[in-house]
Amino acid sequence: SGIRNKQKRGELYHKLKHQKEKVKAKERRKKQKEEAKALEAGLEPPPKPLQHTIDNQREADDTMVDPTDEEIMADENDDEFAAHFANARPPKVLITTSYKPSKIMYTFLSEMLLVPRCCCPLPHGTWSLSASFTHAHASISHAPPCIPTQINGLLLVHLPDGPTAHFRLSNLKLGADIKGHGRATQHKPELILNHFDTRLGHRMGRMFASLFPQDPQFRGRRVVTFHNQRDFIFVRHHRYVFEEKESRDRAAKDPSKKKKAVVARLQELGPRFTLKLQSLQKGTFDSKNGEFEWLPKKENKTSRRRFFL
């Protein structure tokens, strides 16, 4: 601006801002009148404009996959998780901690044991991570997914042949800290995987699915959700219940007339946390000589609208 006086410049800015707000309010009232007229005439109101978000403006990715694609299906029949999805090997999960875990770690561990319902704890002791994997593989007859976990990170290892995924863990909230939380039952949970659309995301979705049985018990009404949004994986654990409620029928002329509708209500069980993929490694964990399938690279992150899962 060429106005050097600060007070005059501020007055001009607020005047222009007020004019823009008046124009927006006028357009908003005009749209509301058009919607009201359309409803009175029994017509559909004009469609609302699509709101621009980072999600719907995501850059096109060449690795987007269609689960029904023949090439994808052939790869799935030959990957490390094929035996699990063919029901040839039931899932068995061992959960261990880092060396000298804290009190919060033990609480988190006890709540995680209730999520898949097919897991057991593995005391860490003074073993290294590689020694823990060797012990886990020798102590059970089938190769399980194994989760060594820290309070700020999570390592997901599928034994005996891998792969190994390393996540950053954040926004942890234990079940006891969630208002109105419930208690998990012994039923096998249902699993929901949202927006794992790329080749890498599809592989991560199958890795998460391999932790859970393929025959959920719907009577328990328990569901575990892995929701991917902008490469952040939000993990939630709920119980759902269906209820029949009465509500006022706005379409009816009689205001006292009510209609019945079946609604779903959720109760969070916990824990609640967020995962961010840091690396995906072939085989079991090897920090020195391991071969990585995926690593975050600065040259690949060319835009804030580009995502990898």
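Up top you'll find the structure we're talking about.
Worth saying up front: this structure is predicted, and the values here are computed from it rather than measured.

1. Focus on the overall build of the protein
When you go through the protein residue by residue, the secondary structure sums to 6 helices and 11 strands. Out of the 309 residues belonging to the protein, those deemed buried represent 34%. Accessible surface, the protein as shown: approximately 20,400 Å² in total, 52% of it carbon and sulfur.

2. Examining a negative patch on the surface
A cluster of acidic residues, Asp66, Asp69, Glu70 and Glu71, forms a negative patch on the protein surface. Secondary-structure assignment places aspartate 69 in the loop between α1 (6-40) and α2 (70-76).

3. Details of the side chain of histidine 202
Inspection of the secondary structure puts histidine 202 in helix α6 (residues 199-209). The class for histidine 202 is buried, based on a relative accessible area of 17%. Of note is the side chain of histidine 202, whose polar atom sits 2.4 Å from the side chain of glutamate 76. Look past the residues within four positions of histidine 202 in its chain and what remains in contact with it is Val65, Pro67, Ile72, Glu76 and Phe196.

4. Concerning the packing of aromatic side chains
Following the criterion strictly, the structure yields 7 aromatic pairs and no others. A ring pair is formed by phenylalanine 212 and phenylalanine 226, whose centres lie 6.1 Å apart and whose planes are at 75°; its orientation type is edge-to-face. Taken together, the residues span a long stretch of sequence, with phenylalanine 212 in the loop between α6 and β7 (222-229) and phenylalanine 226 in strand β7 at a distance of 14 residues. According to the relative accessible area criterion, phenylalanine 212 is buried, its value standing at 2%. On the basis of relative accessible area, phenylalanine 226 is assigned to the buried category, the value being 6%. Note on tyrosine 240 and phenylalanine 242: the rings are 5.6 Å apart at their centroids and 65° apart in plane angle, and the pair reads as edge-to-face. Three or more aromatic residues link up through ring pairs in this structure, and these residues are Phe167, Phe196, Phe208, Phe212 and Phe226.

5. Some details on the pattern of salt bridges
Any two side chains of opposite charge can pair, so long as their charged atoms come close to each other. Taken as a whole, this structure holds 10 salt bridges when the rule is applied. The residue arginine 203 makes a salt bridge to glutamate 293 at a minimum N-O spacing of 3.0 Å. With arginine 203 in helix α6 and glutamate 293 in strand β11 (residues 292-294), this residue pair connects regions lying 90 residues apart in the sequence. On the basis of relative accessibility, which here comes to 32%, the residue glutamate 293 falls in the partly exposed class. Of the charged contacts in the structure, one is a salt bridge between arginine 272 and glutamate 268, with a shortest N-O distance of 2.8 Å.

6. Points about α6
Counting buried positions along α6 gives 10 out of 11 residues, so the element sits mostly inside the fold. All of the buried residues along α6 are Leu200, Gly201, His202, Arg203, Met204, Gly205, Arg206, Met207, Phe208 and Ala209.

What counts as what
- Residues numbered from 1 in each chain as written.
- Predicted model: local features only at pLDDT ≥ 70, side-chain atom pairs only at ≥ 80, totals over all residues.
- Heavy atoms only, no water.
- Helix = DSSP H or I, 4+ residues; strand = E, 2+ residues; numbered from the N terminus.
- Buried < 20%, exposed > 50% of the residue type's maximum accessible area, 1.4 Å probe, protein only.
- Areas by Shrake-Rupley, 256 points an atom, 1.4 Å probe, with all protein chains shown as cover.
- Patch = residues over 30% accessible without salt bridge, like charges linked within 9 Å, V, L, I, M, F, W, Y side chains within 5 Å.
- Salt bridge = Lys/Arg side-chain N within 4 Å of Asp/Glu carboxyl O.
- Lys, Arg positive; Asp, Glu negative; His and termini not counted.
- Charge placed at Lys NZ, Arg CZ, Asp CG, Glu CD.
- Polar contact = N/O pair within 3.5 Å; in protein donor to acceptor, adjacent residues only side chain to side chain.
- Contact = heavy atoms within 4.5 Å.
- Phe/Tyr/Trp six-rings, centres within 6.5 Å; stacked < 30°, edge-to-face > 60°.

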